[in-house]
Amino acid sequence: MAKNAVLRSFAKDWLKPLTFWALALPGLWLGWQWGLLLSGAPHDLGFNPIEKTHRFLGDTALRILLISLAVTPFRDLTRWLPIMKVRRRIGLAAFWYAAAHLVAYLGLDLYLAAGMSLTGMWAGLWEDVVKRIYITLGMTAFILLIPLALTSFNAMVRRLGARAWQNLHYSVYPLAVIACLHYGFMVKGNQLGPWIHGGILALLLAYRAGVWIRSRMKPQPVASTS
Amino acid sequence: SGALPFRATDYQVADESTPYEAVTGYNNFYEFGVGKDDPARYASAMTTDPWSIEIEGHATRTGRFALEDVVDFSALEERIYRLRCVEAWSMVIPWIGIPLGAVLRQFEPTSDARYVQFITYQDAGEMRGTRSAVLDWPYKEGLRMDEAMNELAFLAVGLYGEVLPNQNGAPIRLVVPWKYGYKSIKSIVKIRFVSDEPETSWKRSAPREYGFYSNVNPNRAHPRWSQASERVIGAGPFARRETEMFNGYGPEVAGLYAGMDLIENH
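Quantities reported herein were computed from a predicted structural model and do not represent experimental measurements.

Draft legend 1. Representation of the overall build of chain B within the structure. Of the regular secondary structure elements, chain B holds seven helices and twelve strands. The globule rule puts the C-alpha radius of gyration for 266 residues at 18 Å, and the 17 Å found for chain B is close to it. Each principal axis of the C-alpha distribution contributes one length, and for chain B these read about 45 × 45 × 40 Å. Here chain B, with 266 residues, has 59% of them falling under the buried criterion. Partitioning the contacts of chain B with sequence separation of at least 6, the portion at a separation of at least 24 is 71%. When the accessible surface of chain B is totalled, it reaches about 10300 Å², and 48% of it is carbon and sulfur. The centroid of the 28 positive side-chain charges in chain B is displaced by 5 Å from the centroid of its 36 negative side-chain charges.

Take a look at the structure:
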């Protein structure tokens, strides 16, 4: 069928590069805006560009993380298997945006606030981690992301074996919950944003719980008899 | 907006005033949305003329008063104050207005009036942000009577020589420069003289984070932001300054809190 041929060639030649550029786009936009700002041109970073940068990187990291969790349900619903080829790539992008989010907070907030002293920056980080629940949560989520990012390459998947790899990567679920809580505890008052992101995560987790329960209820096939 | 007549005063800040675009484009006015640019985008929907203020509680003169009867528009003065937001940023703003004490005295508060509470306008049609329960609307704030009578406490009806833009709390708002910005309640429709500490919105929402006093205090680490330093809005992306006790207004206000533990009474 012609339609299938188009889809197949899209999956083969376009899916990976398009995913890459789509994931890079927010970062490129942010870099472009900072370029405009630093050269004195009109920009979209508003009157508090550092705050805007933190929010933008955090939002992007969380949204990409949620998208990575939506890949498998998308495959199940559409039965379009090639989408699985970009799942790790999407998850890894979430890690990069989270890393940029952390680096921006260390550099643009703590380092500058400490009068550009590295020891002051680390002291500030420690103080924030122990005193501020949303930063405790954010750091926890980021630390949990590190082993997932380190094992996101083919060589590591092979080395760990599919089962161990899968078990390790199940930690993405608690991690995503912690990331949403980080957002919820960060905002003032009872805002809608964390509820929307948390709600989408709840749907994605409910879907997986449904799949898991159904697989438990089905009688296990013993061996192929016919 | 329109120009207002005013006289200059000695209330000045050593630093340059924040550009008008930043003062009127970067606001917290959750009644219009939680984004910093939401108030500038949506506050024009608010009707500010005619405006009246209801005076309630322990005072001789109570009832509903037109804005023009509350504020003597021929006696306006300019005061340049630093505004320190609890979110660890600050601005320097040339307000136009009238001392709060002078306004409150017109209503002849009685000796039972130990606190004063302020309440913001509320209209779900005009204030799209109030359709979600970010806070328990309407917004409420309060001061102890001696704080309200302090010479620095101010009611602003304008900034930069012009009528207040809606996003800055038109037509009349409080300015209490030694306290975090959220104490400076916007678009006031009700003033109540009460004998006990009144309910205030942020304290009700998160008492561990926001106290009644809310004095700027770099020594009390807020559970959300370190309060030791602040971003200077409109002075370049990396501009910061050390936060001062009482936002630098200690000489005028420290006496109000003599003997009080300001960490406990935050």
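Draft legend 2. Expanded view of the UniProt feature "binding site: Mo-molybdopterin" (unreviewed entry) in chain B. All names here are of chain B. Within this numbering scheme, the UniProt entry marks Asn27, Tyr30, Glu31, Cys85, Thr120, Asn168, Arg173, Ser184, Ile185 and Lys186 as carrying the feature "binding site: Mo-molybdopterin" (unreviewed entry). The topology assignment puts isoleucine 185 in the loop between β9 (173-175) and β10 (188-194). On the basis of relative accessibility, which here comes to 0%, the residue isoleucine 185 falls in the buried class. For isoleucine 185, the residues in contact, after removing those within four places along its chain, are Phe118, Ile119, Thr120, Tyr139, Lys140, Glu141, Arg173 and Leu174. For lysine 186, the position within the fold is in the loop between β9 and β10.

Draft legend 3. The arrangement of the environment of arginine 84 of chain B in detail. All names here are of chain B. Topologically, arginine 84 is positioned in strand β3 (residues 77-85). Residue class for arginine 84 comes out buried when judged on its relative accessible area of 0%. For the pair arginine 84 and glutamine 117, spaced 33 residues apart in sequence, the C-alpha to C-alpha distance is 21 Å. Look past the residues within four positions of arginine 84 in its chain and what remains in contact with it is Trp89, Ser90, Lys179, Tyr180, Gly181, Val216, Gln227, Ser229, Glu230, Thr243 and Asn247. Of note is the side chain of arginine 84, whose polar atom sits 2.8 Å from the side chain of glutamine 227.

Draft legend 4. Summary view of the packing of aromatic side chains. Residue and element names in this part refer to chain B. Evaluation of the coordinates by the stated rule reveals 23 aromatic pairs over all chains. Relative to tyrosine 81, the ring of tyrosine 11 has its centre 6.2 Å away and its plane inclined at 75 degrees; by these criteria the two rings are edge-to-face. With tyrosine 11 in the segment before α1 (20-25) and tyrosine 81 in strand β3, this residue pair connects regions lying 70 residues apart in the sequence. Exposure remark for tyrosine 81: the relative accessible area of 1% places this residue in the buried category. Taking 5.4 Å as the distance between ring centres and 85 degrees as the angle between the ring planes, the aromatic pair formed by phenylalanine 212 and tyrosine 213 counts as edge-to-face. Residue tyrosine 213 is classed as buried on the basis of its relative accessible area, which comes to 9%. Aromatic rings pair up to connect Tyr30, Tyr180, Tyr182, Trp202 and Tyr210 into one cluster. Across from the ring centre of phenylalanine 29, 5.2 Å away, lies the NZ or CZ of lysine 186, which sits over that ring.

Draft legend 5. Main features of the pattern of salt bridges. Evaluated as defined, the whole model comprises 31 salt bridges over all chains. The salt bridge partner of arginine 231 of chain B is glutamate 51 of chain A, with a shortest N-O separation of 3.4 Å. Here arginine 231 of chain B, found in strand β11 (residues 229-232), pairs with glutamate 51 of chain A, found in helix α2 (residues 49-78), and the two come from separate chains. Note that lysine 179 of chain B is salt-bridged to glutamate 147 of chain B, the shortest N-O span being 2.7 Å. Within this pair, whereas lysine 179 of chain B is found in the loop between β9 and β10, its partner glutamate 147 of chain B is found in helix α5 (residues 145-148), the two being separated by 32 residues in sequence. Across the pair, exposure class does not vary: lysine 179 of chain B and glutamate 147 of chain B are buried alike. Connected through salt bridges with shared partners, the residues Asp15, Arg82, Arg84, Glu230, Arg241 and Glu244 of chain B form a single ionic network.

Draft legend 6. Just unusual backbone geometry, in detail. Cis rather than trans, the peptide bond between aspartate 49 of chain B and proline 50 of chain B has omega equal to 5 degrees. If you trace the backbone, proline 50 of chain B turns up in the loop between α2 (38-42) and β1 (52-57). In this chain, alanine 170 of chain B is followed by proline 171 of chain B through a cis amide linkage whose omega measures -5 degrees. Locating proline 171 of chain B in the fold gives a position in the loop between β8 (162-163) and β9. Within the chain, methionine 116 of chain A stands out as a residue other than glycine whose phi angle is a positive 55 degrees. When you line up the elements, methionine 116 of chain A lands in the loop between α3 (87-113) and α4 (118-131). Residue classification places methionine 116 of chain A among the exposed positions, given a relative accessible area of 55%. For phenylalanine 246 of chain B, which is not glycine, the phi dihedral falls at a positive 50 degrees. In this fold, phenylalanine 246 of chain B is placed in the loop between β12 (240-242) and α7 (250-253).

Draft legend 7. Region of the structure containing helix α9 (residues 192-217) of chain A. Between its first and last C-alpha atoms α9 of chain A spans 37 Å; for 26 residues at 1.5 Å apiece the expected length is 38 Å, and the two agree. Elements in contact with the buried residues of α9 of chain A: α2 and α8 (172-186) of chain A.

Draft legend 8. Up close: the interface of chain B and chain A. Counting residues at the interface gives 28 residues for chain B and 24 residues for chain A. Of all residues in chain B, Arg224, Arg231 and Phe238 of chain B bury the most surface against chain A, accounting for 30% of the area lost on that side. Between the two partners, chain B and chain A, sit four salt bridges. For the salt bridge of aspartate 109 of chain A with arginine 240 of chain B, the shortest nitrogen-to-oxygen distance reads 3.7 Å. Put simply, chain B and chain A have twelve residue pairs in polar contact (both at pLDDT 80 or more) between them. Those elements giving two or more residues to the side of chain B that touches chain A turn out to be α1, α6 (201-205) and β11 of chain B. In terms of residue count, α1 of chain B provides more of the side of chain B that touches chain A than any other element does, three residues in total. Here the residues of the side of chain B that touches chain A sort into 16 nonpolar, seven polar and five charged.

Parameters and conventions
Residues numbered from 1 in each chain as written. Chains lettered and ligands numbered in written order. Predicted model: local features only at pLDDT ≥ 70, side-chain atom pairs only at ≥ 80, totals over all residues. Heavy atoms only, no water. Helix = DSSP H or I, 4+ residues; strand = E, 2+ residues; numbered from the N terminus. Rg over C-alpha atoms; globule rule 2.2 N^0.38 Å. Buried < 20%, exposed > 50% of the residue type's maximum accessible area, 1.4 Å probe, protein only. Contact = heavy atoms within 4.5 Å. Areas by Shrake-Rupley, 256 points an atom, 1.4 Å probe, with all protein chains shown as cover. Lys, Arg positive; Asp, Glu negative; His and termini not counted. Charge placed at Lys NZ, Arg CZ, Asp CG, Glu CD. UniProt positions renumbered as here; feature names shortened; annotations may be inferred. Polar contact = N/O pair within 3.5 Å; in protein donor to acceptor, adjacent residues only side chain to side chain. Phe/Tyr/Trp six-rings, centres within 6.5 Å; stacked < 30°, edge-to-face > 60°. Lys NZ or Arg CZ within 6 Å of the ring centre and 35° of its normal. Salt bridge = Lys/Arg side-chain N within 4 Å of Asp/Glu carboxyl O. Expected span 1.5 Å × (residues − 1). Buried area = accessible area lost by both parts, 1.4 Å probe. Nonpolar A, V, L, I, M, F, W, Y, C, P; charged D, E, K, R; others polar.

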